[in-house]
Amino acid sequence: MEGHKNKALPRLPDEDVKEGKVYGNVFAELESVDLPLGTTLRSVYDDQPNAHKRFMEKLDARIRNHDREIEKMCNFHHQGFVDAITELLKVRADAEKLMVQVTDTNRRLQDAGREVTAQMEEVIRCRVQQRNMATTVEKLQLCIPVLEMYSKLKEQLESKRYYAALKTMEQLENIYIPRVSHYRFCQIMAETLPKLREEIKDISMSDLKDFLESIRKHSDKIGETAMRQAQQHRTFNSAVQKQASMGFPKPLYTLNGRTSTQQNGLDTEEGADEDDADEEVLTAQDLVDFSPVYRCLHIYTVLGDRETFENYYRKQRKKQARLVLQPQSNMHETVEGYRKYFNQIVGFFVVEDHILHATQGLVTRAFTDELWNMALSKIIAVLRTHSSYCSDPDLVLELKNLIVIFADTLQGYGFPVNRLFDLLFEIRDQYNETLLKKWALVFREIFELDNYSPIPVENEEEYRSVISRFPFHDAEIEKQQFPKKLPMSQSVPQIYIQVKEFIYASLKFSESLHRSSTEIDDMLRKSTNLLLTRTLSGCLQNLIKKPHIGLTELVQIIINTTHLEQACKYLEDFITNITNVSPETVHTTRLYGLSTFKDARHAAEGEIYTKLNQKIDEFIQLADYEWGMAESDGRASGYLMDLINFLRSTFQVFTHLPNNNNDHAAMSGKVAQTACMSACKHLATSLMQMLLDTELKQISMGAIQQFNLDVIQCELFASSEPVPGFQGDTLQLAFIDLRQLLDLFMVWDWSTYLADYGQPTSKYLRVNPSTALALLEKYLSYFFIIASLRPECLSASLVILLLPFLCLANANPLQSLPRDEGHGQEEQHLLPVPQERQRQAEADRDGGEAAEEPGQWHVPAFLGPRVIQLCT
């Protein structure tokens, strides 16, 4: 059984053929030494489980097959091999003979050619030397140009011809050194050239720094030259325009003469200094050597580092621009400070403009515009700040002229300057402010030096001198004989002249601003309005308020303001003649002088009333009444007579007020009447307050009579018509309250007062009950003092004195009236009720026997003890 299992099955013929081909290919691969065996062996062992055995069988068969083929080949070639060995043995003897012969021949040949060999070696040595010499000459011919160029390079460096040196280096590197680059000296030379380039860059950069420092030092001179040339060009153009407009047949400017021209509103003389006339016109190239910057630019361009140079140059110039734009702290003190500041800026941008046009790309228009915009903002800020410190209008005007020249100079180099002219309008406002401050001092000085009296003229020449300075025309005064007086004081023509001078000064700033006549006219009118409405008005107001200005001076001030008001139309004509702008233009500004002088006149009038009242108060303070006198002196008090005399002389001054036409006459009459009425009312009020003074406790009938004499003098003064124009007794009505009160006490007409109280036809309609009660209390107080000293003489009069007091105190509306607080109250607050007034009147007519209601009588507390004492 086991034998049958191990016995292999018979193989088919096709399988044997196929297997033979496979193993044939495997053996072919194994016999090839170039192919790797790992893959072949793996394919053999991986095919079938018994592949190893079969492979070994096939391999043994293959070996046996090759052994048979080798054996066949050896058997086939064995006889030929034997024959070849036999023949080789025969030839060996002949070869030995030939070797002996060759050796002998070689010996004999060596002996014969030894001399020839020596000669040939000498020839070879000479040929080698000749070849070396030719090679050396050839190499030297290649090296000598390199050495010559290097020597030339050294000479160029020593002579500071750096651009040529860089060109020489370029030739050495590109042409000469490559030919002999294998030599050591050339390698050293090639290594030296970059160092020389860096040295040239450093030297050229040092020269550039020196150039930048040089132009910074020379910027002032460059700017001064450029601004002077711009000013001369401007002057020449203005002269040509003036010549063309005036039609001069010959040129206005001469080379060797002294020709007066006007520049920016300032008179100058061309040719005043012959050295200046002969001075050669210098340019930026004449003042500064630009070769370092050109040289440095070329060097960096050749070195391929132009961008680095451009960035460095622009960065340094920006730094210098910031330094140039930084002003000195005291620049605003003098015009030289501003001039130096402008010169440096102009010099800086003149250099930049020259660099822009002389080089290609070192600076660009965009870079210069950026610098200029930065500088312009800084310049405007600096000028706005420093000009605000200027308090001298002349300095501001010179600053304006410098700004105009500065702007014209830079505009000639293509820089936009519109913002500078806009700045000039701001400075113009400041200039006007400084002018206003200056003219305020001028006006104050004029007012301080004025004598406030009419101008005396002795002859026709003096008269013409005055009217030539001030437009005054009065037919009546012209008809008068000399000597005569003009109504205004000396300050009027001086003020008028100074206003014209202010207009001229304001016009100077408007010149060269490239503005139309209409705009200039508007500027002049606005600045003149400021002068009139603010400066002159303020000076007049301050003058009027000064304590040393008296009534006479105030009257003269009113006269002066009237004439100045009339002169405003001449000022408008004056401005029109300057600007040639018709006053009928729609947008023409009018002068506000009329309102200014009217306000000043009203202030002067009010000050007249105030000072007049103050003077009256001063006289009132001199009053020294003896309030306890038994009888009056029979004449008015001295202080009051002095006061009346003062008022008479004062009101006579008002006759000098202008009245050459109906308006002025009405104005003067109104001022005089108002002043007179105000004085009388104030006098009456002061006298009334004197009677009702709370510190005055007692008053006698003699004192009342003396006071009555003073009031009579006041009434006589009022009736004497100190100022014409009052109708009837209008002025006397100022004293009507005093008159009725004094009459009530002088006549002792209390029954009439009490009977008619509150009636429109009452004789004592203006007597206030509180006023009467207050004065009656003072009189009763005096009476009780006398009664306490002599009671036996006054007991009969007590009832007569107390009756009106009790009647006044018994009125219901007066019971609640405080004793010391009701004085001076208005009458409408103290009127009794109609029923009580009617009942009281009936009781008075019936002899005082009217029935009284209980509790209706009221006796003041301070009278109670004395009434009880005197009655007992």
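Small disclaimer: the values here were computed from a predicted structure and weren't measured. (Residues numbered from 1 in each chain as written. Predicted model: local features only at pLDDT ≥ 70, side-chain atom pairs only at ≥ 80, totals over all residues. Heavy atoms only, no water.)

## Re the side chain of glutamine 320
Basically, it comes down to this: Only runs of H or I of at least four residues qualify as helices and only runs of E of at least two qualify as strands under DSSP, and these elements are numbered from the N terminus. Should any heavy atoms of two residues lie within 4.5 Å, those residues are considered in contact.
Its location among the elements puts glutamine 320 in helix 10 (residues 306–324). Setting aside residues no more than four positions away along its own chain, glutamine 320 makes contact with Leu212, Glu213, Ile215, Arg216 and Phe348.

## A few points about unusual backbone geometry
For clarity, the threshold we go by: Only protein chains enter the accessibility calculation, which uses a 1.4 Å probe. A residue is then buried if its area is under 20% of the maximum for its type, exposed if over 50%, and partly exposed in between.
Following phenylalanine 482, the chain continues to proline 483 via a peptide bond in cis, the omega torsion being -5°. By the element assignment, proline 483 lies in the loop between helix 16 (475–479) and strand 4 (484–486). Unusually for a residue other than glycine, glutamate 721 sits at a positive phi of about 55°. Checked against the element boundaries, glutamate 721 lands in the loop between helix 24 (701–719) and helix 25 (736–747). Here tryptophan 748, not a glycine, exhibits a phi torsion of approximately 55°, which is positive. Residue position: tryptophan 748 is located in the loop between helix 25 and helix 26 (750–755). Among the residues examined, tryptophan 748 registers a relative accessible area of 22% and is labelled partly exposed.

## Describing a nonpolar patch on the surface
The cut-off we apply is this: Nonpolar side chains (Val, Leu, Ile, Met, Phe, Trp, Tyr) are joined into patches within 5 Å and like charges within 9 Å, using only residues with over 30% relative accessible area and no salt bridge. Note on areas: Shrake-Rupley with a 1.4 Å probe; residue coverage comes only from the protein chains shown. When a carboxyl oxygen of Asp or Glu lies within 4 Å of a side-chain nitrogen of Lys or Arg, that pair is called a salt bridge.
A cluster of nonpolar residues, Phe81, Val82, Ile85, Leu88 and Leu89, forms a patch on the protein surface that exposes about 480 Å² of accessible area. Position of phenylalanine 81 relative to the elements: it lies in helix 4 (residues 51–158).

## A short note on the environment of threonine 528
Secondary-structure assignment places threonine 528 in helix 18 (residues 517–545). Threonine 528 sits in the buried class, given a relative accessible area of 0%. Once the C-alpha coordinates of threonine 528 and leucine 436 are considered, the two residues, 92 residues apart in sequence, prove to be 9.5 Å apart.

## Focus on the environment of tyrosine 753
In this structure, tyrosine 753 sits in helix 26. Taking the C-alpha atoms as reference points, tyrosine 753 and proline 769, 16 residues apart in sequence, are found 9.7 Å from one another.

## With respect to the nonpolar core
Here is the rule we go by: Among buried residues, those of type Ala, Val, Leu, Ile, Met, Phe, Trp, Tyr and Cys that are joined through side-chain atoms within 4.5 Å constitute a nonpolar core.
In this structure, Phe342, Ile379, Phe406, Phe443, Leu687 and Phe707 are the most contacted members of the largest nonpolar core, which totals 184 residues. Among the elements that take part in this core, helix 14 (residues 418–449) stands out by supplying 14 residues, more than any other. Once you skip the residues sitting within four places of it in the chain, phenylalanine 443 turns out to touch Ile495, Gln498, Val499, Leu531, Thr535, Leu536 and Cys539. Listed in part, the 20 residues of the second largest apolar core include Val146, Met149, Leu153 and Cys186.

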